[in-house]
Amino acid sequence: MRLPPFELLLGLLLLGTLNASADTPLKETYAESFEVGVAVQAAQLDRAPESRLITRHFGMVVAEYQMKANVIAPREGEYDWSAADAIVAFAEANGMRVRGHALLWHQSTPDWFLAGGDPAAIRARLETYVHDVVSRYRGRVFAWDVVNEPVGDGEGPYRDNAWYRAVGKAYIDWAFHAAREADPDCLLFLNDYGTERKAKLERVMGVVADLLDRSVPVDGVGHQFHLGRRQTMDGIHEALDAVADAGLVSHITELDISAYNDPGSCFVNRTGCEPELLDDEIAGFLAEQADLYHAVFEAARIRPSVSAVLTWGLHDGQSWLNNFPLRRTNHPLLFDRSLKPKPALQGLVD
């Protein structure tokens, strides 16, 4: 059946002739092709309006930030499992699966991991931490982003972060091997952004190929897909195909679609950023956004190698994009600030 254009869907929503409650759960719409998930924060799970949407439309959750090392282990040997445990318990109580994010990310690494600079000590700390976290959730977290964003943006294949400066690329190997030892059945991912861009994709797949050549246990690649206006689909297709060609699984891990399409300078020094969207511009963006969400979900649906698609947040008011690369109202997710379904969600379930 040929679907109407999203401009028409938007018009029907505004006229009240289309059911704006999104009666069909999103997770059921794509159940035969892949699982659908959402990034959450533990506090949301205690707010009934949000928790109802989460359990209705999504079959999987991932912690937006509360399963990262700076939250779980701000000091060596001292663990705070409270938020992570709450998220996992919520998922189990509601028949949902849990995706782990992230065992190692340079931006959420407490100083104690790298203190002293001795590679042997650094390795021991990392392996102990990964073992403790993965073992705690063994059989309860089905996939982990083992290393998040280790690939450079042009300075070389590896990101010049504190881990790389301390021990070179070896930290990636250590983390994957420790995770596999702690849970032999868990899927292990390298997660990164920008894979929809040709140069970044080549670097990511080069790093992955090197890991596989050395028998490092990598099962898949996570594509963050933080997209913006006027995004073309060619790079997304190429990214998913490249991972499939390598014999690996793809997860779309952090999907959102910004109302802005900022140049690189906006992210580097906050210059050239697009102005905040005017009220009379929002409807046009929502139609464009709906079309792009549909195209991404369709790209995943036609590829058996894609087994999960997760949005990076539940509703617009929660999104990190309201504060990055600068403070500005954004509209990147499937529900608006009032928890109402947007044309993108309606288009997906219809």
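Computed from a predicted model, the values in this text were never measured in an experiment. (Residues numbered from 1 in each chain as written. Predicted model: local features only at pLDDT ≥ 70, side-chain atom pairs only at ≥ 80, totals over all residues. Heavy atoms only, no water.)

Chemist: Just give me the short version of the pattern of salt bridges, but keep the residues and values in it.
Modeler: Counting across every chain of the model gives 23 salt bridges. In this structure, R47 and E50 form a salt bridge, with 2.4 Å as the shortest nitrogen-oxygen distance. Take R47: its relative accessible area is 40%, and that puts it in the partly exposed class. According to the relative accessible area criterion, E50 is buried, its value standing at 7%. Here R140 makes a salt bridge to E92, at a shortest N to O gap of 2.8 Å. Within this pair, whereas R140 is found in the loop between α6 (119–136) and β4 (141–148), its partner E92 is found in helix α5 (residues 82–93), the two being separated by 48 residues in sequence. Judged by relative accessible area, which is 42%, E92 ranks as partly exposed. Bridged by salt links that share partners, the residues D153, R159, D192 and K200 form one connected network. (Salt bridge = Lys/Arg side-chain N within 4 Å of Asp/Glu carboxyl O. Buried < 20%, exposed > 50% of the residue type's maximum accessible area, 1.4 Å probe, protein only. Helix = DSSP H or I, 4+ residues; strand = E, 2+ residues; numbered from the N terminus.)

Chemist: Explain a negative patch on the surface residue by residue, including any values.
Modeler: On the surface, E276, D279, D280 and E281 cluster together to form a negatively charged patch. Considering the arrangement of structural elements, one finds E276 in the loop between α11 (264–269) and α12 (279–301). (Patch = residues over 30% accessible without salt bridge, like charges linked within 9 Å, V, L, I, M, F, W, Y side chains within 5 Å. Areas by Shrake-Rupley, 256 points an atom, 1.4 Å probe, with all protein chains shown as cover. Lys, Arg positive; Asp, Glu negative; His and termini not counted. Charge placed at Lys NZ, Arg CZ, Asp CG, Glu CD.)

Structural measurements only, silent on function.
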